[in-house]
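Descriptive structure summary
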Amino acid sequence: MTIALASPIVIPFPARPATLGFKHVLSAAAFGSDALRSLFDVASAWKARPGVYAGALAGRTVVLLFEKPSLRTRLSFEIGASKLGAHVVYMDISKQRIGERESPEDYASNLSLWADAVVTRTYAHHTVEAMARASSVPVINGLSERHHPCQALADLLTMKERFGDLRGLKIAYVGDGNNVCDSLLIAGATVGADLMVICPPGYDPSPEAVRIASQRARASGAEIMITDEMEALHNRQVVYTDTWVSMGQDEEAAARQAVFAPYQINARAMSLAAPDAVFMHCLPAHRGHEVTDEVLDGPQSIALQQADNRLHAQNALLLHLLADPNA
Ligand code: CP
Ligand code: NVA
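The following paragraphs examine the structure supplied in this document. Just so it is clear, the structure is predicted and the values come from calculations on it, not from any experiment.

Our focus in this paragraph is empty space enclosed by the protein. Per the stated rule, a full pass over the model turns up one cavity of 30 Å³ or more. Together, Ile171, Ala172, Tyr173, Cys181, Leu184, Leu185, Leu195, Met196 and Val197 line the largest cavity. At the level of elements, β7 (170-174), α7 (179-190) and β8 (194-198) are the ones that each hand at least two residues to the lining of the largest cavity. Classifying every residue of the lining of the largest cavity by side-chain character gives nine nonpolar, no polar and no charged.

Written out as structure tokens, the structure is:
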């Protein structure tokens, strides 16, 4: 279905998730290439015509259940969903993690009574998996220790805006093979990008993410490489990094700072990349550690465009999951 406006621009109505093959979003593996294309179309339509879907989620309620701190994920979901007319409830569970007072399954079955979707940020990935198994409404992973699918969605949307075609785009992810890396690897492989992960030995992406990404790569033509050599930044069009110490890893901080120091993204590292390379970071950044001020604040940085796209990509996702195409 399409909504034709008075002007010649035709706004695609979000495809139904049933036709796209997912109900919950636990990892970037939820998104096939058709789903990503549809999500990017809707996000771009919203950006081109802000407000075109205003009210599309009137009467819907989205619950945010967060065990860990957040600026971007929390506010981009809260503000984004309210722009679509949904009511949003934020529940801070940093002092009492899911499973302590009642089980993840009991959280999910109760939330399903009142909410139309649940976005959750957990320490353990199995918590969000258990919630999804017991939930009759969509559960969206707003970051677990293993995956950050909403981040990957916004990252690819940002790269698409910058470079047009994602197929063959030369991306380098430098640093810790963590949740952000794994999600980018899976989503990037789905769209046929050329992904180089540069990480110190022992901090590689998870074997599961590499397995899924390799499967996707066989279908899309993506290339996946993993190395510990910074010289592999040569000619990369995207240089992406994330913190060396993720939430929940504070006890390892000192050891990690030492291991990752040679992997800092600074002017020298950027000079190895393609002349038109962009710098990306999911944020929050730890200035002077994984990235220097001159790179993060410099002309090649598109980190704020990425942060802005969190809202647009997630709104597309909420529309796919919750909007009534016949309304
Ligand atoms: N990038 C990201 O998820 O930021 P927050 O931790 O602030 O949500
Ligand atoms: N890898 C980071 C991402 C924060 C958005 C973490 O898990 O803390």
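From this point, the narrative continues.
To continue, consider the environment of Arg60. Among the secondary structure elements, Arg60 is positioned in the loop between α2 (33-48) and β3 (61-66). As for Arg60 and Ala323, which are separated by 263 residues in sequence, their C-alpha atoms are 9.0 Å apart. In this view, Arg60 contacts Ala86, His87, Asp116, Leu322 and Asp324; residues no more than four positions away in its chain are not counted. Among the polar contacts made by the side chain of Arg60, one reaches the main-chain carbonyl oxygen of Leu322 at a distance of 2.7 Å.

So, on to the sheet that holds β7. With parallel pairing, five strands are arranged side by side in an open sheet as β9-β8-β7-β10-β11. The open sheet terminates on both sides in strands that have one partner only, identified here as β9 (223-227) and β11 (278-281). Recorded for the sheet is a direction-independent mean angle of 20 degrees between the axes of neighbouring strands. Lying on the sheet, α7 is in contact with β7, β8, β9 and β10 (238-241); it crosses β8 at an angle near 160 degrees.

Quick look at the sheet that holds strand β4 (residues 87-92) now. Overall, parallel pairing links the four strands, which are arranged β4-β3-β5-β6 in an open sheet. Only two strands of the sheet have a single neighbouring strand rather than two, namely β4 and β6 (139-141). For this sheet, the mean angle separating the axes of adjacent strands, direction not counted, is 20 degrees. Examined bridge by bridge, β3 and β4 share six bridges and lie parallel to one another. Along β4, the bridge assignment pairs Phe66 with Asp92. Contacts from helix α3 (residues 72-83) reach β3, β4, β5 (117-121) and β6 within the one sheet, and its direction differs from that of β4 by about 160 degrees.

On to the site of ligand 2, then. The local shell around ligand 2 consists of Leu143, Asn178, Asn179, Val180, Asp242, Thr243, Ser246, Met247 and Leu283. Note that a nitrogen atom of ligand 2 is positioned 2.8 Å from one of the side-chain N or O atoms of Ser246. A distance of 2.8 Å is found between an oxygen atom of ligand 2 and a backbone nitrogen or oxygen belonging to Met247. Out of a free accessible area of 270 Å², ligand 2 has 94% covered by protein chains. Taken atom by atom, the bulk of ligand 2 overlaps the largest pocket. Taken together, the residues of the shell around ligand 2 break down into four nonpolar, four polar and one charged.

Basis of the calculations
- Residues numbered from 1 in each chain as written.
- Chains lettered and ligands numbered in written order.
- Predicted model: local features only at pLDDT ≥ 70, side-chain atom pairs only at ≥ 80, totals over all residues.
- Heavy atoms only, no water.
- 1 Å grid on protein atoms, 1.4 Å probe; cavity = no way out; pocket = protein on both sides within 12 Å on 5 of 7 lines; lining within 4 Å.
- Points joined across faces, edges and corners; volume = space filled by probe spheres on them.
- Helix = DSSP H or I, 4+ residues; strand = E, 2+ residues; numbered from the N terminus.
- Nonpolar A, V, L, I, M, F, W, Y, C, P; charged D, E, K, R; others polar.
- Contact = heavy atoms within 4.5 Å.
- Polar contact = N/O pair within 3.5 Å; in protein donor to acceptor, adjacent residues only side chain to side chain.
- Pairing = 2+ DSSP bridges.
- Axes fitted to C-alpha atoms, helices over the stretch in contact; angles between N-to-C directions.
- Near = heavy atom within 4 Å.
- Areas by Shrake-Rupley, 256 points an atom, 1.4 Å probe, with all protein chains shown as cover.
- Sits in = over half its atoms within 2 Å of the grid points.

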